[in-house]
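# Notes for the structure review
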Amino acid sequence: MTQVENYKIILEDIFGQTISFTNNKVTNNCIGALNSTDEYHVFKANFIERLMRINNYFSKTSPEIISEIINTAKQIGQLKGYKWSGPYSELVALDYWIQFENLRNIKFIDRGSVDEFEDSIAKKVGQQEIDIDISLQLHTRKIYTDVKSLIPTHTELVDQILNRVKSKTTNQHYLIGIDNLYEVDYLRTKKDFIYELQFGNLIDELVNCIDTKKSIYNHKLQSGTTASFRIEYTKKDKLTILSTMRIMEPYSLAFDYKYKILDYYNKLLTNKPSLITFVVNPWFNQELNTSPEFLNTFYRSLSRRIFIELTKDSTDMAEIYPELANINLKISDIASLISGIVFIHDNSVLKTEKDIFDTYIFLNPNSKNGVLTRSNFDILSWSPEIEQPFIDDFYYDNY
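These notes cover the structure that comes with them.

Rules of the game
Residues numbered from 1 in each chain as written. Predicted model: local features only at pLDDT ≥ 70, side-chain atom pairs only at ≥ 80, totals over all residues. Heavy atoms only, no water. Helix = DSSP H or I, 4+ residues; strand = E, 2+ residues; numbered from the N terminus. Rg over C-alpha atoms; globule rule 2.2 N^0.38 Å. Contact = heavy atoms within 4.5 Å. Areas by Shrake-Rupley, 256 points an atom, 1.4 Å probe, with all protein chains shown as cover. Core = buried A, V, L, I, M, F, W, Y, C linked by side-chain atoms within 4.5 Å. Buried < 20%, exposed > 50% of the residue type's maximum accessible area, 1.4 Å probe, protein only. Salt bridge = Lys/Arg side-chain N within 4 Å of Asp/Glu carboxyl O. Axes fitted to C-alpha atoms, helices over the stretch in contact; angles between N-to-C directions. Left-handed = near helix turned anticlockwise from the far one by under 90°. Nonpolar A, V, L, I, M, F, W, Y, C, P; charged D, E, K, R; others polar. Patch = residues over 30% accessible without salt bridge, like charges linked within 9 Å, V, L, I, M, F, W, Y side chains within 5 Å. Lys, Arg positive; Asp, Glu negative; His and termini not counted. Charge placed at Lys NZ, Arg CZ, Asp CG, Glu CD. Phe/Tyr/Trp six-rings, centres within 6.5 Å; stacked < 30°, edge-to-face > 60°. Lys NZ or Arg CZ within 6 Å of the ring centre and 35° of its normal. Polar contact = N/O pair within 3.5 Å; in protein donor to acceptor, adjacent residues only side chain to side chain. Pairing = 2+ DSSP bridges.

### Quick look at the overall build of the protein chain
On a plain count of helices and strands, the protein chain comes out with 12 helices and 12 strands. Taking 2.2 N^0.38 as the reference for a compact globule, 399 residues should give roughly 21 Å; the C-alpha atoms of the protein chain span a radius of gyration of 22 Å, in line with that estimate. Each of the three principal axes of the protein chain carries a C-alpha extent, and together these read 65 × 55 × 40 Å. For the protein chain, restricting intrachain contacts to residue pairs at least 6 apart in sequence, the fraction spanning at least 24 positions comes to 71%. Just so you have it, the protein chain exposes about 19000 Å², and 47% of that area is on carbon and sulfur atoms.

The structure is reproduced here in C-alpha cells:
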C-alpha cells in the first residue's frame, strides 16, 4: 500500500465520505509517518485526533467549511518536499483556535472579491480576490490571520540545490551538506541561492566535486559571501556520518529573519486587525527545535524588530519585490499593518493532549489597522484547562 493509499483510508474514516487523489505515488514526511506501523504512533494518533476534533467542531457549527478542510487535508497527501507543511500548518492553527470554547465565528477559509471584502493590500496591488486562512471573533474584536509554515528559507533553498545535485550524479553513495551557515541574512541568502538555482554554476561544480571524490568545496556566491560544502562518501559495511557546523544566537537570528514576514504583504487588511501565524514543526524546521528560552528570546526579538524597526523603514517595497514597482508601498506601510504575530509550536510528533501546543502571541503597538493588547485576548483565559499562550503587547517597550 502506498503512502497516499493509506492516507486516503485515514481521511475516509475520519470524514465518512469517499476521497480521491490524482497521484498515488507522492511521498513526504507526514504521510510517510502516517503509513508507519509503530515508529510514529504518537504523531499518527495526534494527527487523527486533530482532524476528528476539527471535523466534529465544524460539523456542528459550520458544515459548509468541511469541504475546505477536506481539500486542505488532501493537499498534504499530494505535495512533495517541504510543501506539505503549508496545508498541514493551516490545520494545526485551526485546531489550536477551536480549543477555546468561547471564541466565536471561526471561519476557514475567509475569502472574497477585493471589492466586497475588507479593504486590503491585495486590492491595492491589483489582485481580484483575497483569501485569509482564519478569521475569528475575540470578545469584542474580530481578527484575521493567515497561516504559514515557518521554514528556514536558506535550508529550503539549499535542499533544492542538493536535490538537483543528487539527480545529476551517477554515484549516489555520498552525503552532502552545507557548513558554517550561521549568517543567514534573509534577503541576501534568498537572492544568492535563487540565482544559483536559475543561472549559477554551483550545482555543476558540486556534481564535479562528487565525480572527482572531493570532500570540501567552497563556492563564492553572487553577493561575495562563501558557501562551504562538506561531502562524505559511504563505504561498504561502514556507518557514514556527515557533520556540519551551525552557530545560532537568538538576536542575530532575529536580525536575519526580520524581512521574511514581508513576503506575506498581500494577506494584510488595511482597516481590520491582521495577524500572521507561523507554525513550527521539527520535520520542517529543525533550526528551531531548541530550548524554550532560546525560542522566547528569538520570537520576541524578531517581533520587536518588525513592530519597532520596520514600521520606521521608508524603503520602497519595490526594492525587494520588483512586481510592486509604481505601487508606492513602503516597508513601513506593510509592517504597520501586521497587528500581531502568532508562533505555534506543533509538538505532536512526540507529545500528547494539551502539550501538543506551545504558543506565543506578540502584538504590534504601532499597528495602523487596530492596535491589539493583552486584554483583547483575555477571552482565552476563560478556558483555563487549555495551555495558555505567552502574550506580549510591547506596551512598555515601544521605543
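### Considerations on the nonpolar core
Counting residues in hydrophobic clusters, the biggest one holds 61 residues, and the most contacted among them are Ile 69, Trp 97 and Phe 377. Broken down by element, this core gets its largest block of residues, eight residues, from helix H5 (residues 85-98). Setting aside chain neighbours within four positions, we find Ile 69 in contact with Phe 15, Ile 54, Phe 58, Leu 91, Leu 94 and Phe 108. Grouped together as the second largest cluster of nonpolar side chains are 40 residues, Ile 121, Tyr 257, Val 280 and Phe 307 included.

### Quick word on the pattern of salt bridges
Applying the stated criterion across every chain, the model contains 19 salt bridges. Here the salt bridges do not stand alone but share partners, grouping Arg 50, Arg 53, Asp 95 and Asp 346 into one network.

### A short note on the packing of helix H3 (residues 41-61) against H5
If you want to describe how two helices pack, look at the angle between their axes and the distance between the axes. In the contact formed by H3 and H5, the axes pass within 10 Å of each other and the chain directions differ by 60 degrees. Both H3 and H5 take part in a crossing whose hand is left-handed. The residues of H5 that touch H3, namely those facing Phe 43, Phe 47, Arg 50, Leu 51, Arg 53, Ile 54, Tyr 57 and Phe 58, are Tyr 88, Leu 91, Val 92, Leu 94, Asp 95 and Ile 98. Looking at the contact of H3 with H5, its residues break down into 11 nonpolar, no polar and three charged.

### Quick look at a negative patch on the surface
Taken together, the side chains of Glu 49, Glu 353, Asp 355, Asp 358 and Glu 387 make up a negatively charged region of the molecular surface. With respect to the helices, strands and loops of the structure, Asp 355 is situated in the loop between strand E10 (340-346) and strand E11 (357-363).

### A short note on the packing of aromatic side chains
Evaluated as defined, the whole model comprises 29 aromatic pairs. The interplanar angle of 90 degrees and the centroid separation of 5.5 Å between the aromatic rings of Tyr 40 and Trp 283 together place this pair among those described as edge-to-face. Here Trp 283 lies in the loop between strand E9 (274-280) and helix H11 (292-309) and Tyr 40 lies in the loop between helix H2 (29-34) and H3, a separation of 243 residues in the sequence. Here Tyr 96 and Trp 97 contribute two aromatic rings whose centre-to-centre distance is 5.1 Å and whose plane-to-plane angle is 70 degrees, an arrangement assigned as edge-to-face. Like Trp 97, Tyr 96 is buried. Three or more aromatic residues joined by ring pairs form one cluster here, namely Tyr 257, Tyr 264, Phe 278, Phe 298, Tyr 299, Phe 307, Phe 343, Tyr 360, Phe 362, Phe 390 and Phe 394. Between Arg 304 and the ring centre of Tyr 399, over which it is positioned, the NZ or CZ distance is 4.7 Å.

### A few points about the environment of Asn 171
As for its position among the elements, Asn 171 is in the loop between helix H7 (153-168) and strand E6 (174-179). A C-alpha to C-alpha distance of 9.6 Å links Asn 171 and Tyr 233, two positions 62 residues apart in sequence. If we skip the residues at most four places from it in the chain, Asn 171 touches Ile 210, Lys 213 and Tyr 233. Of the polar contacts made by the side chain of Asn 171, one reaches the backbone nitrogen of His 173; its length is 2.9 Å.

### What to know about the sheet that holds E9
Here we have seven strands laid out as an open sheet, ordered E1-E4-E5-E9-E10-E11-E12, and mixed in their pairing. The open sheet has two edge strands with one neighbour each: strand E1 (104-107) and strand E12 (390-392). With strand direction ignored, the average angle separating the axes of adjacent strands in the sheet is 15 degrees. Note that E10 and E11 share seven bridges and pair antiparallel.

### Overview of the sheet that holds E6
Spatially, three strands are ordered E6-E8-E7 in an open sheet, and the strand pairing comes out antiparallel. Looking at which strands have only one partner, the edges of the open sheet turn out to be E6 and strand E7 (216-220). Neighbour-to-neighbour, the strand axes of the sheet open up by a mean angle of 20 degrees, direction not taken into account. As defined by bridge partners, E6 adjoins strand E8 (residues 226-233) across six bridges and the pair is classed as antiparallel. When the sheet's bridge partners are listed, Leu 175 is paired in E8 with Glu 232. Against the sheet, helix H9 (residues 202-211) contacts E6, E7 and E8, and its axis sits at roughly 30 degrees relative to E8.

### Examining the side chain of Asn 6
With respect to the element layout, Asn 6 can be found in helix H1 (residues 3-15). For Asn 6, a relative accessible area of 12% corresponds to the buried category. When near neighbours in sequence (up to four residues on either side) are disregarded, Asn 6 contacts Met 1, Leu 34 and Asn 35.

### A short note on the side chain of Thr 311
Inspection of the secondary structure assignment puts Thr 311 in the loop between H11 and helix H12 (331-335). Of note is the side chain of Thr 311, whose polar atom sits 3.3 Å from the backbone oxygen of Ile 308. Those residues within four positions of Thr 311 in sequence are excluded, and the remaining contacts are Ile 306, Ser 332, Ala 335, Ser 336, Asn 364 and Asn 366.

### Side note on the environment of Tyr 360
For Tyr 360, the position within the fold is in strand E11. Since its relative accessible area comes to 9%, Tyr 360 is described here as buried. Sequence spacing of Tyr 360 and Gln 388 is 28 residues, and the spatial spacing of their C-alpha atoms is 9.2 Å. Excluding anything up to four places from it in sequence, Tyr 360 contacts Pro 292, Leu 295, Asn 296, Tyr 299, Ile 341, Val 342, Phe 343, His 345 and Phe 390.

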